[in-house]
Amino acid sequence: MTKKMLQFVNLEQTTPYKRGEVERKKDFHEIYKEFISEKAQEQSSRCSQCGVPFCQVHCPLQNNIPDWLKLTAEGRLEEAYELSQSTNNMPEICGRICPQDRLCEGNCVIEQSGHGTVTIGSIEKYITDTAWEKNWVKPIKVKKEISQSVGIIGAGPAGLACAEELRKFGYQVTIYDRHDRPGGLLIYGIPNFKLEKFVVERRTKLLKKSGIKFIQNFEIGKDKSLYELKKNHDAILIATGVYKPREIDIPGNNLVNIFTAIVFLTASNRKGLGDKVKLFDDGTLNTHNKDVIVIGGGDTAMDCVRTAIRQKAKSVKCIYRRDQENMPGSAREVANAIEEGVEFIWLTNPKKFIGDKLVTGVQVNKMTLGSADSSGRRKPEIQENSEYNIKADIVIKSLGFDPENLPELFSAKELLVSRWGTIKIDLNTMQTNFEGVFAAGDIVRGASLVVWAIKDGRDAAKEIQKYLKEKNNEKSKVKAA
Ligand SMILES: Cc1cc2nc3c(=O)[nH]c(=O)nc-3n(C[C@H](O)[C@H](O)[C@H](O)COP(=O)(O)OP(=O)(O)OC[C@H]3O[C@@H](n4cnc5c(N)ncnc54)[C@H](O)[C@@H]3O)c2cc1C
Ligand code: SF4
């Protein structure tokens with residue numbers, strides 16, 4: 001089975017979608033041909049066990065890919081699962097949504113030699129989905145409870161991975177999150193067709209069964225300050241992600257029916273979870289039968305255009321100021337969007353939003369690529385007198401995210417941040433300038449990937465353990481003296 005068949009097809013269909021065909025698909029899911037066990041074995045046995053595991057080196061978690069492929073090829077799935085989960089808290093999630101073409105699979109030796117990568121992500125997903133089915137995935141049984149407690153702010157992948165690792169050591173862990181459901185962007189950002197929500201929910205349920213306490217609808221900065229929270233715990237992890245959408249400063253930005261990507265995707269995800277969403281139900285955030293323009297060229301923009309296609313929009317256009325080659329998003333995601341009927345208008349930049357009260361279109365400029373800037377990418381330049389209008393009933397802005405102003409939000413003005421607003425940490429200890437307060441995930445790196453958030457959460461857990469052990473030792477010394 002080829003990589004393309006595994007990754008770009010509907011459960012029932014092996015040819016690409018054509019525009020207009022979308023509506024007829026009853027289950028327009030991403031895009032994995034489900035493995036049956038023979039296929040997983042067949043794919044796994046393609047691994048040449050090359051001895052230079054570039055796949056492993058390029059996986060942020062350094063997953064022991066060659067060994068779990070070998071075990072899968074031999075039909076030893078339970079052992080493959082044990083090995084896979086020993087370095088990754090959410091293998092079935094990474095298997096679904098890692099940009100493997102840039103990480104493990106892109107560096108597979110077989111891929112490099114032109115024979116098509118071993119489909120590592122799909123096999124990782126298959127192993128752990130099977131483990132769930134067969135009941136091999138169990139809550140943590142703590143050997144010895146430790147009375148010290150850790151408060152984690154943010155129930156995204158960084159917070160969840162850190163919580164799980166700390167609980168394995170025996171610590172008392174409480175996660176605080178301002179949303180009503182745990183999962184962070186896994187639940188309200190990444191669309192259902194890429195990551196089914198039951199997959200996230202069964203993980204968070206497992207953590208609850210493992211003794212981790214979740215306090216939802218609780219916002220640090222509003223319901224408690226960082227200082228207050230610190231008094232309740234022996235250590236704190238900040239894992240709040242980045243949520244301030246980058247804005248576009250052009251006339252007409254205040255017109256009705258212009259939204260940010262996160263507002264649009266959250267409404268769609270809530271609907272998928274069965275919530276009542278007033279602004280979706282009254283049509284405001286529903287793109288059904290509308291001409292949609294998405295501005296931006298990253299993975300989040302691809303999620304928006306592909307969500308609009310699934311909502312049966314009349315037309316979906318993506319405006320991006322550079323060309324296809326220079327798009328920041330994954331090439332695979334762009335290919336998927338094109339297959340599904342999204343129209344890309346490359347080398348185009350919005351000049352103003354048109355409309356009286358409601359947006360009715362976007363005036364754009366054509367662009368050319370000039371010389372390379374400091375980042376090495378060619379700079380887009382406006383072509384003079386190139387303006388023209390594109391019709392739109394709804395516009396979604398997807399220009400990336402910055403951190404919120406955490407020192408202000410947390411009422412902790414002394415908390416040190418970088419010039420981009422990300423939290424500054426000591427790279428050895430992952431500690432902020434507040435003693436006993438650690439940070440991990442997007443709020444440290446800037447907008448990144450789930451697999452990096454998991455890696456950071458795991459690393460933070462190790463550092464927090466070291467810190468708490470030392471704190472305990474000091475207490476014992478004082479008592480003894
Ligand atoms: C639309 C979209 C699609 C993406 N798709 C992919 C993908 O396909 N593959 C991939 O690898 N990555 C993807 N990413 C990136 C990935 O989701 C993030 O890198 C990852 O979720 C970061 O994890 P985190 O734990 O640091 O933060 P988050 O997942 O953002 O979680 C942070 C949590 O903190 C909570 N929080 C924030 N402030 C407070 C506060 N003051 N008090 C209490 N709680 C608070 C939030 O409610 C949230 O639950 C995508 C991102 C977006 C936006
Ligand atoms: S975690 Fe991501 S990068 Fe690592 S093996 Fe799995 S899919 Fe590849």
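These notes cover the structure that comes with them. (Residues numbered from 1 in each chain as written. Chains lettered and ligands numbered in written order. Predicted model: local features only at pLDDT ≥ 70, side-chain atom pairs only at ≥ 80, totals over all residues. Heavy atoms only, no water.)

1. Observations concerning the site of ligand 1
Piece 1. Near ligand 1 you find 34 residues, and of these Ile97, Asp177, Tyr243, Asp303 and Asp442 are the closest.
Piece 2. Here Pro157 contributes a backbone N or O atom positioned 3.3 Å from an oxygen atom of ligand 1.
Piece 3. Interatomic distance of 3.0 Å between a backbone N/O atom of Val450 and an oxygen atom of ligand 1.
Piece 4. Summarising the interface, the protein chains cover 97% of the accessible area of ligand 1, which totals 1000 Å² for the free molecule.
Piece 5. Looking at the shell around ligand 1, the elements with two or more residues in it are α9 (157-169), α15 (299-310) and α19 (450-480).
Piece 6. For the shell around ligand 1, a count of residues per class yields 18 nonpolar, 10 polar and six charged. (Near = heavy atom within 4 Å. Polar contact = N/O pair within 3.5 Å; in protein donor to acceptor, adjacent residues only side chain to side chain. Areas by Shrake-Rupley, 256 points an atom, 1.4 Å probe, with all protein chains shown as cover. Helix = DSSP H or I, 4+ residues; strand = E, 2+ residues; numbered from the N terminus. Nonpolar A, V, L, I, M, F, W, Y, C, P; charged D, E, K, R; others polar.)

2. Regarding empty space enclosed by the protein
Piece 1. For the structure on display, the rule yields seven cavities of 30 Å³ or more.
Piece 2. Lining the largest cavity are 16 residues, and of these Cys47, Cys50, Cys55, Cys108 and Val109 sit closest to its centre.
Piece 3. Of all elements in the fold, only α3 (54-57), α4 (65-73) and α7 (109-112) reach the threshold of two or more residues within the lining of the largest cavity.
Piece 4. Counting residues per element, the lining of the largest cavity draws most heavily on α4, which supplies three residues.
Piece 5. There is about 110 Å³ of room inside the second largest cavity. (1 Å grid on protein atoms, 1.4 Å probe; cavity = no way out; pocket = protein on both sides within 12 Å on 5 of 7 lines; lining within 4 Å. Points joined across faces, edges and corners; volume = space filled by probe spheres on them.)

3. A closer look at the packing of α15 against helix α16 (residues 331-340)
Piece 1. At a minimum axis distance of 10 Å, the contact between α15 and α16 shows a crossing angle of 20°. Put simply, α15 runs roughly parallel to α16. For the crossing formed where α15 meets α16, the hand is left-handed. Counting all contacts with α15, which are made through Asp299, Met302, Asp303, Val305, Arg306, Ile309 and Arg310, the residues of α16 involved are Glu333, Val334, Asn336, Ala337 and Glu340.
Piece 2. For the contact of α15 with α16, the class distribution of residues is five nonpolar, one polar and six charged. (Axes fitted to C-alpha atoms, helices over the stretch in contact; angles between N-to-C directions. Parallel < 35°, antiparallel > 145°, perpendicular 65-115°, else oblique. Left-handed = near helix turned anticlockwise from the far one by under 90°. Contact = heavy atoms within 4.5 Å.)

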